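Tertiary structure, described
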Amino acid sequence: MTSKDPLPQSRHLATEIPGPASTAAMQRRKEAVSGGLGTAMPVIVARAQGAIIEDIDGNRIIDLGAGIGVVTIGNSAPRVVKAVQEAVATFTHTNFTTVPYMGYIEVCEALNKLTPGTFKKKSILQNSGAEAVENAIKIARHYTKRSAVVVFEHAYHGRTNLTMALTAKNLPYKDGFGPFASEIYRMPMPYSYRWVGNPETIAEDALEMVIHKIEKEVGAHNVAAILIEPVIGEGGFIVPPTGFMPGLQKFATENKIVFIADEVQSGFARTGKMFAVEHENMEPDMIVSAKGIAGGLPLAAVTGRAEIMDSSHVGGLGGTYGGNPIACAAALAAIETIQEDKLIERAEHIGKILFESLNALKAKYPIIGEVRGRGAMVAIELVHAGTKDPNPEAMGKVIKYCQSKGVLILTAGTYGNVIRFLPPVVISDDLLKDALGVLAEGFATL
Ligand code: PLZ
């Protein structure tokens, strides 16, 4: 088979997983590649399309991870493939600040339109989510002439030095990699499943606590930015309770603090909205995009109020590859795919199937403590039955079982006990149900 043949959108086991070819290749990987990188599934990809990954042993694996929420529109989505092929044959690079090109401008125009808020917006493009988060903070500090940054428990913002500091979890992200950047202040996150206070008033209580801490411990007038993931990603798909984020933004506005939504994982149709903040009708001052923006090509962006985005001096922002022309072509094709193929609605539909099926499992298995998420960004948190004690062991067994049957599912969570579902939203209902059937078998084997 060549890469031109369509890859059947069905699960198929040709060998054990991992098969002999993958096992041999993983040995080469071990010899050649830094041991600091993990491996979720020890198979080597031969090709991937839609929601199927074919490995070099000929196994066809259902992909419920989408490359960590990147190929939302499917792997090798046809419009992206075509746009990239055309772009790469036209020019590969000039550097946008050396000789500009239309793709970069058009992606910025699209972002300025797609992000919520009717105010005038401008954008900048980068290579990775972490780089974009860094730029958002840099710009907010320059604009406000303040230095403090407020972040939250369970947050993940990246692996560069500043973004490690912004990220909450020590192992594996931060341990031994310091010293970290200063002027980062971490606030409690209303994680409803584990909240010790009154569940009825969680949003107000958490808001009061956070505002009190900012005022008393940092000083609101010292705060450049409040940075939050509208659905916490790596931290376990925690959805902040309704009203918490709008309340925070109100406080930010009153105190001239830039409110930044890190939509790297939750953005670009993932949650059944273009951006997850739309679930609460919010209009952040800045939105950080990456992952789903370009169908698998490396691209990230910061979009924000024009007066903030324009506040730095000329030459203050940049980078060699940011907004690479091929990635920009891919992004325009990805946006067209989301719009033409109605993938926002599709994400909502996928979410319904996930919630229904996972809630049915929860009713059967008391080790599933909670099913949560938004749209096609759904997770289950595993505990020891009758308690809320994290159960990473059960998570590991279920994930391993699914892998052995050709279903790739990712994990998450501060306590390493969350199974998260981030499928390409182009996955067919039948293929998703096949995967969820395997998951149910995995629970039955425990
Ligand atoms: N902000 C909300 O989810 C990336 C990390 C995978 P980059 N999440 C996947 C890993 O283990 O490294 C992420 C995110 C949120 C920022 C980032 C960072 O995006 O493109 O990985 O730099």
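Above this note sits the structure.
Residues numbered from 1 in each chain as written. Predicted model: local features only at pLDDT ≥ 70, side-chain atom pairs only at ≥ 80, totals over all residues. Heavy atoms only, no water.

Here we look at the site of the ligand
- Taken together, 14 residues sit near the ligand, with Gly129, Ala130, Arg159, Asp262 and Gln265 positioned nearest.
- Note that an oxygen atom of the ligand is positioned 2.6 Å from one of the side-chain N or O atoms of Arg159.
- Lys291 places a side-chain nitrogen or oxygen 3.1 Å from a nitrogen atom of the ligand.
- Coverage of the ligand by the protein chains reaches 81% of its 510 Å² of free accessible surface.
- In terms of residue class, the shell around the ligand is built from four nonpolar, five polar and five charged. (Near = heavy atom within 4 Å. Polar contact = N/O pair within 3.5 Å; in protein donor to acceptor, adjacent residues only side chain to side chain. Areas by Shrake-Rupley, 256 points an atom, 1.4 Å probe, with all protein chains shown as cover. Nonpolar A, V, L, I, M, F, W, Y, C, P; charged D, E, K, R; others polar.)

Let's talk about the layout of surface pockets
- In this structure, the second largest pocket encloses a volume near 480 Å³.
- Lining the second largest pocket are 24 residues, and of these Tyr104, Ser123, Ile124, Met309 and Leu317 sit closest to its centre.
- Among the elements of the structure, helix H4 (102–114) and strand E4 (121–126) are those that each provide at least two residues to the lining of the second largest pocket.
- Ranked by residues supplied to the lining of the second largest pocket, first place goes to E4 with five residues.
- A class-by-class count of the residues in the lining of the second largest pocket yields eight nonpolar, twelve polar and four charged. (1 Å grid on protein atoms, 1.4 Å probe; cavity = no way out; pocket = protein on both sides within 12 Å on 5 of 7 lines; lining within 4 Å. Points joined across faces, edges and corners; volume = space filled by probe spheres on them. Helix = DSSP H or I, 4+ residues; strand = E, 2+ residues; numbered from the N terminus.)

Quick notes on the pattern of salt bridges
- Applying the stated criterion across every chain yields a total of 15 salt bridges.
- For the salt bridge of Arg346 with Asp429, the shortest nitrogen-to-oxygen distance reads 2.8 Å. Residue Arg346 is found in helix H11 (residues 343–364), and its partner Asp429 is found in helix H13 (residues 429–444); the two are separated by 83 residues along the sequence.
- By relative accessible area, Arg346 is classed as partly exposed at 22%.
- On the accessibility criterion, Asp429 (23% relative accessible area) is partly exposed.
- The network of salt bridges with common partners includes Arg194, Glu370, Arg372 and Glu381. (Salt bridge = Lys/Arg side-chain N within 4 Å of Asp/Glu carboxyl O. Buried < 20%, exposed > 50% of the residue type's maximum accessible area, 1.4 Å probe, protein only.)

Here's the deal with the sheet that holds strand E1 (residues 45–49)
- Pairing within the open sheet is mixed, and its four strands lie in the order E1-E2-E3-E13. Among the strands making up the open sheet, the edge pair consists of E1 and strand E13 (407–408).
- In this structure, E1 lies alongside strand E2 (residues 52–55), joined through four bridges in antiparallel fashion. Bridge pairing in E2 links Gln49 to Ile52.
- Each of E2, strand E3 (60–63) and E13 touches H13; the most contacted strand, E3, lies at about 95° to it. (Pairing = 2+ DSSP bridges. Contact = heavy atoms within 4.5 Å. Axes fitted to C-alpha atoms, helices over the stretch in contact; angles between N-to-C directions.)

Quick notes on H4
- If you check H4, its first and last C-alpha atoms are 18 Å apart, about what 13 residues at 1.5 Å a residue would give, namely 18 Å.
- Of all the residues in H4, the buried ones are Gly103, Tyr104, Val107, Cys108, Ala110, Leu111 and Leu114. End-on, the buried residues of H4 take up no more than an arc of 160°, which puts them together on one face.
- Buried residues along H4 sit against E4, strand E9 (286–289), strand E10 (300–305) and helix H10 (325–340). (Expected span 1.5 Å × (residues − 1). Arc of directions from axis to C-beta.)

As for the packing of aromatic side chains
- Under the counting rule described, the total for this entry stands at eight aromatic pairs.
- Between Tyr156 and Tyr173, the aromatic rings sit 4.7 Å apart at their centres with planes inclined by 65°, giving edge-to-face as the arrangement. Taken together, the residues Tyr156 in the loop between strand E5 (148–152) and helix H6 (161–166) and Tyr173 in the loop between H6 and strand E6 (184–187) connect sequence positions 17 residues apart.
- You can call Tyr173 buried: its relative accessible area is 12%.
- Here the aromatic residues Phe91, Phe96, Tyr101 and Tyr104 are joined through ring pairs into a cluster of three or more.
- The ring of Phe119 has Lys121 sitting right over it, with the charged end atom 5.7 Å from the ring centre.
- Positioned above the aromatic ring of Tyr193 is the side chain of Lys388, whose terminal nitrogen or guanidinium carbon lies 4.5 Å from the ring centre. (Phe/Tyr/Trp six-rings, centres within 6.5 Å; stacked < 30°, edge-to-face > 60°. Lys NZ or Arg CZ within 6 Å of the ring centre and 35° of its normal.)

Such coordinate-based values are descriptive only and should not be taken to indicate function.
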